[in-house]
Amino acid sequence: MLHNIKNLMDSTGWSADKIMEMMKIPLNQRASLYAGLNNSR
């Protein structure tokens, strides 16, 4: 999932917020995904 979000961010220039909203990721799961994105940079 993190890889897909990162690829979308790179290819579209969209924010992680916009991508997670588009993917309909529940709010209670987003914090762990944000943490993973921050650790992968």
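The structure under discussion appears in the preceding block.
Because the structure is predicted, anything quoted here is derived from the model rather than measured.

Q: Sorry if this is basic, but what is going on with helix α3 (residues 27-39) here?
A: Side chains of residues three or four places apart in an α-helix project in the same direction, reflecting 3.6 residues per turn. In a regular helix each residue adds 1.5 Å, so 13 residues correspond to 18 Å; α3 covers 19 Å between its end C-alpha atoms and thus fits that length. Residues of α3 that are buried: Arg-30, Leu-33, Gly-36 and Leu-37. Along the axis of α3, the buried residues cluster in a sector spanning 125°; they form a single face. In α3, those exposed residues whose orientation departs by more than 90 degrees from the buried face are Asn-28, Ala-31, Ser-32, Asn-38 and Asn-39.

Q: What is the right way to read unusual backbone geometry from this model?
A: With the exception of glycine, most residues fall at negative phi, and the peptide bonds are largely trans. Look at Lys-24: it is not a glycine, yet its phi comes out positive at around 55°. Considering the arrangement of structural elements, one finds Lys-24 in the loop between α2 (16-22) and α3.

Q: Looking at this model, I keep getting lost on the pattern of salt bridges. Mind explaining?
A: Any two side chains of opposite charge can pair if their charged atoms end up close together. The final tally for this structure, using the stated rule, is two salt bridges. Among the ionic pairs, Lys-6 bridges to Asp-10, the shortest N-O distance being 3.1 Å. Of this pair, Lys-6 and Asp-10 both sit in helix α1 (residues 2-12), four residues apart, which is roughly one turn of the helix. Accessibility expressed as a relative area gives 54% for Asp-10, which makes it exposed. In this structure, Glu-21 and Arg-30 form a salt bridge, with 3.3 Å as the shortest nitrogen-oxygen distance.

Conventions and cut-offs
Residues numbered from 1 in each chain as written. Predicted model: local features only at pLDDT ≥ 70, side-chain atom pairs only at ≥ 80, totals over all residues. Heavy atoms only, no water. Helix = DSSP H or I, 4+ residues; strand = E, 2+ residues; numbered from the N terminus. Expected span 1.5 Å × (residues − 1). Buried < 20%, exposed > 50% of the residue type's maximum accessible area, 1.4 Å probe, protein only. Arc of directions from axis to C-beta. Salt bridge = Lys/Arg side-chain N within 4 Å of Asp/Glu carboxyl O.

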